[in-house]
Amino acid sequence: MAKGPAVIGVLTEPPQPTWWKANRHKVLLVIGLLVGYWLGTHTADASPAQRHPRHTPPATHSPTSPGTHNPAPRSA
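Rules used throughout
Residues numbered from 1 in each chain as written. Predicted model: local features only at pLDDT ≥ 70, side-chain atom pairs only at ≥ 80, totals over all residues. Heavy atoms only, no water. Helix = DSSP H or I, 4+ residues; strand = E, 2+ residues; numbered from the N terminus. Buried < 20%, exposed > 50% of the residue type's maximum accessible area, 1.4 Å probe, protein only. Areas by Shrake-Rupley, 256 points an atom, 1.4 Å probe, with all protein chains shown as cover. Expected span 1.5 Å × (residues − 1). Bend = angle between axes of the 7 residues up to and from the residue. Patch = residues over 30% accessible without salt bridge, like charges linked within 9 Å, V, L, I, M, F, W, Y side chains within 5 Å. Salt bridge = Lys/Arg side-chain N within 4 Å of Asp/Glu carboxyl O. Polar contact = N/O pair within 3.5 Å; in protein donor to acceptor, adjacent residues only side chain to side chain.

Student: Can you walk me through the overall build of the protein in this structure?
Tutor: Counting secondary structure elements, the protein contains one helix and zero strands. Classification of the 76 residues of the protein by burial places 3% in the buried group. A total accessible area of about 8,200 Å² is found for the protein, and carbon and sulfur atoms account for 64% of it.

What follows is the structure, given as structure tokens:
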């Protein structure tokens, strides 16, 4: 008599991943974006409104000195 097929292994479906394993990339992305936004808005050098304007004092040349030019004051 012929023997029936031999069972070599049994295929089973893997268990469903947990919520954390399925969504951790989304959670970490949102956390990274929030931290980046916070750092960008709370750093003194990142905000142009908090920077001090770079202003040089006007030259103190006398108007009668030859070869000097006193430019008009700049408006801010």
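Student: Help me understand helix 1 (residues 19–41) in this model?
Tutor: Since the α-helix advances by 3.6 residues per turn, residues separated by three or four positions end up pointing in the same direction. The end-to-end C-alpha separation of helix 1 is 32 Å, in line with the 33 Å expected for 23 residues at 1.5 Å each. Residue His 25 marks the point of greatest curvature in helix 1, where the axis turns by about 40 degrees.

Student: Could you clarify how one ought to interpret a nonpolar patch on the surface in this entry?
Tutor: The grouping of Trp 19, Trp 20, Leu 28, Ile 31, Val 35, Trp 38 and Leu 39 at the surface amounts to a nonpolar patch, some 780 Å² of accessible area in total. Note that Trp 19 resides in helix 1.

Student: What is the right way to read the environment of Thr 43 from this model?
Tutor: As for its placement among the helices and strands, Thr 43 is situated in the segment after helix 1. For Thr 43, a relative accessible area of 34% puts it in the partly exposed group. Polar side-chain contacts of Thr 43 include one of 2.4 Å to the backbone oxygen of Leu 39.

Student: Looking at this model, I keep getting lost on the environment of Pro 58. Mind explaining?
Tutor: Relative to the elements of secondary structure, Pro 58 occurs in the segment after helix 1. The exposed category is assigned to Pro 58, whose relative accessible area is 68%. As for Pro 58 and Arg 74, which are separated by 16 residues in sequence, their C-alpha atoms are 9.9 Å apart.

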